[in-house]
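# A closer look at the structure
Residues per chain, in single letters:
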Amino acid sequence: MLRRLDKIRFRGHKRDDFLDLAESPNASDTECGDEIPLKIPRTSPRDSEELRDPAGPGTLIMATGVQDFNRTEFDRLNEIKGHLEIALLEKHFLQEELRKLREETNAEMLRQELDRERQRRIELEQKVQEVLKARTEEQTAQQPPKGQSQVNNGADRRSQGLSSRLQKWFYERFGEYVEDFRFQPEENTVETEEPLSARRLTENMRRLKRGAKPVTNFVKNLSALSDWYSIYTSAIAFTVYMNAVWHGWAIPLFLFLAILRLSLNYLIARGWRIQWSIVPEVSEAVEPPKEDLTVSEKFQLVLDVAQKAQNLFGKMADILEKIKNLFMWVQPEITQKLYVALWAAFLASCFFPYRLVGLAVGLYAGIKFFLIDFIFKRCPRLRAKYDTPYIIWKSLPTDPQLKERSSAAVSRRLQTTSSRSYVSSTPAGLSKEEDAGRFHSTKKGNFHEIFNLTENERPLAVCENGWRCCLINRDRKMPTDYIRNGVLYVTENYLCFESSKSGSSKRNKVIKLVDITDIQKYKVLSVLPGSGMGIAVSTPSTQKPLVFGAMVHRDEAFETIFSQYMKITSAAASGGDS
């Protein structure tokens with residue numbers, strides 16, 4: 001038994017020698033051609049026989065020892081790996097905490113301010129030293145002789161006392177105002193932005209609505225005066241205004257109205273119930289803010305606010321772009337009218353007295369506001385012909401309209417050049433529409449060649465560039481065939497889907513409009529709010545409807561497909577009846 005244990009120890013030592021040799025740093029530094037001397041201990045024939053015999057008595061003990069050794073090494077490696085992961089996570093968390101502390105304390109800004117204060121203190125010390133040095137030099141240069149200094153000592157003391165009292169009095173009276181005019185460097189303060197919150201968003205929208213309510217009420221009252229909503233009120237206002245302008249009291253009239261409005265607001269703030277408006281105010285029901293909103297309600301709230309912000313910003317952008325284009329001579333015939341009007345106003349202000357100019361402008365404004373606008377609003381045809389400010393404002397283009405005009409001009413030029421280049425190769429029997437259909441192509445080639453259609457089949461003008469969408473074929477089982485991204489086109493007789501993946505035309509889809517049994521709007525994901533962004537088309541060849549989802553212009557596409565489908569079906573029905 002002792003002999004077997006010695007053999008196991010010997011074999012364990014031999015394995016440790018090999019492991020030490022493999023893990024030693026010199027082992028990796030040796031080149032491929034170098035020979036490594038290994039001392040292998042000699043074994044006796046009996047030992048070799050026991051090693052060869054797998055069923056020997058020492059084999060099981062040796063195997064268990066090796067497995068225990070490997071297991072301990074594996075556990076150590078796992079333990080080291082766990083410690084390393086914990087250390088990396090702690091490092092990451094410490095870095096995040098350090099970043100948050102830096103953002104909260106603003107250590108960099110404090111350091112910069114401290115450097116500025118140090119620099120300012122050094123400059124002040126230098127100035128004080130210079131002033132003291134200059135004073136000492138002046139005193140040494142202006143020292144009188146001893147006899148004269150004794151004589152003038154009393155007079156100097158009296159003059160110094162008087163000057164000190166005068167300086168003290170001046171500083172007490174005007175020192176605060178002098179300190180206000182001292183220049184200081186401007187401090188750049190960074191405003192902290194609030195995180196996005198549904199509750200904060202609704203609160204800001206309500207605040208904006210409440211803040212804009214007085215302005216909107218004022219505009220409504222002016223519009224009601226111009227529209228003669230209340231005949232007696234408008235007649236009285238017109239008479240008072242024209243009389244004030246005729247006698248030169250227009251500015252005092254407006255100032256008196258402002259004072260009257262402030263007085264009424266003071267009484268309203270004190271609790272008086274006063275309603276001074278032509279249009280009766282309608283109280284809107286204020287919904288109480290909800291404490292807890294679901295994900296769908298938050299998403300719908302964000303969509304509503306985004307839509308309102310989009311429309312508001314769009315209107316503001318249209319107004320600003322029209323004003324910019326008016327002054328930038330984008331349309332010279334319109335800006336020319338403004339140019340002539342400004343020259344006429346300038347010359348009139350130079351040669352005519354201000355009283356006469358103000359009278360003319362005031363009378364024209366009153367007649368235009370109370371009479372001409374009322375007639376133009378009731379007669380749109382007269383307004384479209386003779387209302388010059390309205391015509392100029394409506395004809396002014398915005399930047400998107402200018403881009404559309406330029407792109408349309410470029411496309412017309414390209415179309416004319418292509419028609420000129422291919423006019424010789426066009427058969428004489430083809431019409432203009434057929435000729436235009438021959439040249440329409442998609443990104444991958446000619447339209448009729450991609451979908452194997454006749455040459456006169458081309459997309460309608462509404463969907464000339466197609467609508468980007470994804471085709472969901474629920475009859476297919478494979479994921480690659482279940483959803484396909486591409487572009488949807490509508491022709492006079494077909495509904496064509498072009499797959500965006502390159503390959504054979506088998507991935508494209510062509511549906512006859514006559515074969516469609518049902519078409520309706522579809523909502524792919526029921527958890528999202530709204531009516532969805534898909535169109536479901538049912539045909540006899542499919543068990544489940546084909547869905548064209550993720551379509552941004554879903555309503556436009558649906559109206560186009562449905563109108564063309566009704567046109568084709570009505571034509572087919574009338575042909576069958578005849």
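First things first, this report covers the structure right here in the doc.

Thresholds applied
- Residues numbered from 1 in each chain as written.
- Predicted model: local features only at pLDDT ≥ 70, side-chain atom pairs only at ≥ 80, totals over all residues.
- Heavy atoms only, no water.
- Salt bridge = Lys/Arg side-chain N within 4 Å of Asp/Glu carboxyl O.
- Helix = DSSP H or I, 4+ residues; strand = E, 2+ residues; numbered from the N terminus.
- Buried < 20%, exposed > 50% of the residue type's maximum accessible area, 1.4 Å probe, protein only.
- Patch = residues over 30% accessible without salt bridge, like charges linked within 9 Å, V, L, I, M, F, W, Y side chains within 5 Å.
- Areas by Shrake-Rupley, 256 points an atom, 1.4 Å probe, with all protein chains shown as cover.
- Phe/Tyr/Trp six-rings, centres within 6.5 Å; stacked < 30°, edge-to-face > 60°.
- Lys NZ or Arg CZ within 6 Å of the ring centre and 35° of its normal.
- Core = buried A, V, L, I, M, F, W, Y, C linked by side-chain atoms within 4.5 Å.
- Pairing = 2+ DSSP bridges.

## Description of the pattern of salt bridges
On inspection of all chains with the given rule, the structure shows 10 salt bridges. Across the salt bridge formed by Glu 203 and Arg 200, the nearest N and O atoms sit 3.6 Å from each other. With Glu 203 and Arg 200 both in helix H8 (residues 198-226) and 3 residues apart, this pair spans about one turn of that helix. For Glu 203, a relative accessible area of 37% puts it in the partly exposed group. Exposure remark for Arg 200: the relative accessible area of 31% places this residue in the partly exposed category. Between Asp 387 and Lys 368 there is a salt bridge, with the nearest N and O atoms lying 4.0 Å from each other. One end of the pair, Asp 387, is in the loop between helix H14 (380-386) and helix H15 (388-395); the other, Lys 368, is in helix H13 (residues 354-378), and 19 residues separate them in sequence. Both residues of the pair, Asp 387 and Lys 368, belong to the buried class.

## Some details on a nonpolar patch on the surface
Together, Phe 254, Phe 256, Leu 257, Leu 260, Ile 268, Trp 272, Ile 274 and Trp 276 line one region of the surface with nonpolar side chains, adding up to about 780 Å² of accessible area. Summarising the element assignment, Trp 276 is placed in the loop between helix H10 (250-269) and helix H11 (295-327). The exposure class of Trp 276 is partly exposed, given its relative accessible area of 43%.

## Focus: the packing of aromatic side chains
Scanning the entire structure with this criterion turns up 12 aromatic pairs. Between Phe 558 and Phe 562, the ring centres sit 5.8 Å apart and the planes meet at 15°, which makes this aromatic pair stacked. Of this pair, Phe 558 and Phe 562 are both found in helix H20 (residues 554-577), 4 residues apart, which corresponds to roughly one turn of the helix. With relative accessibility at 12%, the residue Phe 558 sits in the buried group. Each member of the aromatic cluster is reached from another via a ring pair, and the members are Trp 329, Tyr 339, Trp 343 and Phe 346. A cation over a ring is seen here: Arg 383 above Tyr 390, with NZ or CZ 4.3 Å from the ring centre.

## Re the nonpolar core
Residues Leu 488, Leu 495, Ile 519, Ile 535, Phe 548 and Met 551 are the most contacted members of the largest nonpolar core, which totals 23 residues. Among the secondary structure elements, those contributing two or more residues to this core are strand S1 (467-472), strand S2 (483-490), strand S3 (494-499), strand S6 (534-538), strand S7 (546-549) and H20. Of the residues forming this core, the biggest block, 5 residues, is contributed by H20. Phe 447, Phe 451, Tyr 494 and Cys 496 belong to the second largest nonpolar core, which has 8 residues in total.

## Topic: the pairing of S7
Within a regular strand, the side chains alternate between the two sheet faces. Where burial is concerned, the two faces of S7 agree: the one with Leu 546 and Phe 548 and the one with Val 547 and Gly 549 are both buried. As defined by bridge partners, S1 adjoins S7 across 3 bridges and the pair is classed as antiparallel. Note on S7: the bridge partner recorded for Ile 472 is Val 547. Relative to S7, S6 is paired through 3 bridges, and the arrangement is antiparallel. Looking across to S7, one finds that Ile 535 is bridged to Phe 548.

## Remarks on the environment of Asn 446
Here Asn 446 lies in the loop between helix H17 (432-439) and helix H18 (447-450). Once the C-alpha coordinates of Asn 446 and Arg 458 are considered, the two residues, 12 residues apart in sequence, prove to be 9.8 Å apart.

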